[in-house]
Amino acid sequence: MERYYIYINYLDGRRYEGQWLNNKMHGKGIFSWADGKKYIGEYYEDKKEGYGELTLYFLLNKFLGQMVRYIKDNGKMENKMEMGK
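Below you will find a few notes about this structure. (Residues numbered from 1 in each chain as written. Predicted model: local features only at pLDDT ≥ 70, side-chain atom pairs only at ≥ 80, totals over all residues. Heavy atoms only, no water.)

A few words on the nonpolar core. Core analysis: the biggest nonpolar cluster contains ten residues, these being Ile6, Tyr16, Trp20, Met25, Phe31, Trp33, Tyr39, Tyr43, Leu54 and Leu56. Elements represented by at least two residues in this core include exactly β2 (15–21), β3 (24–32), β4 (38–44) and β5 (47–56). (Core = buried A, V, L, I, M, F, W, Y, C linked by side-chain atoms within 4.5 Å. Buried < 20%, exposed > 50% of the residue type's maximum accessible area, 1.4 Å probe, protein only. Helix = DSSP H or I, 4+ residues; strand = E, 2+ residues; numbered from the N terminus.)

Right, dumping it as structure tokens:
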């Protein structure tokens, strides 16, 4: 099975950039939403699964940890306003 690297821009402002296998997001990738949310991490058969960083800019928070079918598990939430101090 050959894995590809692709860029997809959706009409509603979402964007995926990353690895692609069998017409699915699979491997490492970046998914961003029009409202500023961004997920950088691992995918398994179109699901956010494995280690990832979910940034919620509108809440000024970032989640770092394991994703299990897009459910945050074994991670921590950081306040972006405090990062870099």
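After that view of the structure, there is still more to cover.
Our focus in this paragraph is the pairing of β3. One ladder, built from six bridges, connects β2 with β3; its direction is antiparallel. In the sheet register, glutamate 17 faces β3, and the bridge partner there is isoleucine 30. Hairpin connection from β2 to β3: two residues lie between these consecutive antiparallel strands, with asparagine 22 at a positive phi of about 55°. The pairing of β3 with β4 spans six bridges and is classified as antiparallel. Within β4, the position partnered with glycine 27 by the bridge is tyrosine 43. The hairpin formed by β3 and β4 contains five residues between the paired strands, and glycine 36 there has a positive phi angle of roughly 105°. (Pairing = 2+ DSSP bridges.)

Moving on: the pattern of salt bridges. Where charged atoms from two side chains of opposite charge come close, those side chains can pair. Summed over the entire model, instances satisfying the criterion amount to four salt bridges. Two residues, glutamate 42 and lysine 28, come together in a salt bridge whose shortest N-O distance is 3.8 Å. Of this pair, glutamate 42 sits in strand β4 while lysine 28 is found in strand β3, placing the two residues 14 residues apart along the sequence. Here glutamate 42 falls in the partly exposed class, since its relative accessible area comes to 29%. Taking relative accessible area as the criterion, lysine 28 reaches 54% and is therefore assigned exposed. In this structure, the salt-bridge partner of lysine 37 is aspartate 35, at a minimum N-O distance of 4.0 Å. (Salt bridge = Lys/Arg side-chain N within 4 Å of Asp/Glu carboxyl O.)

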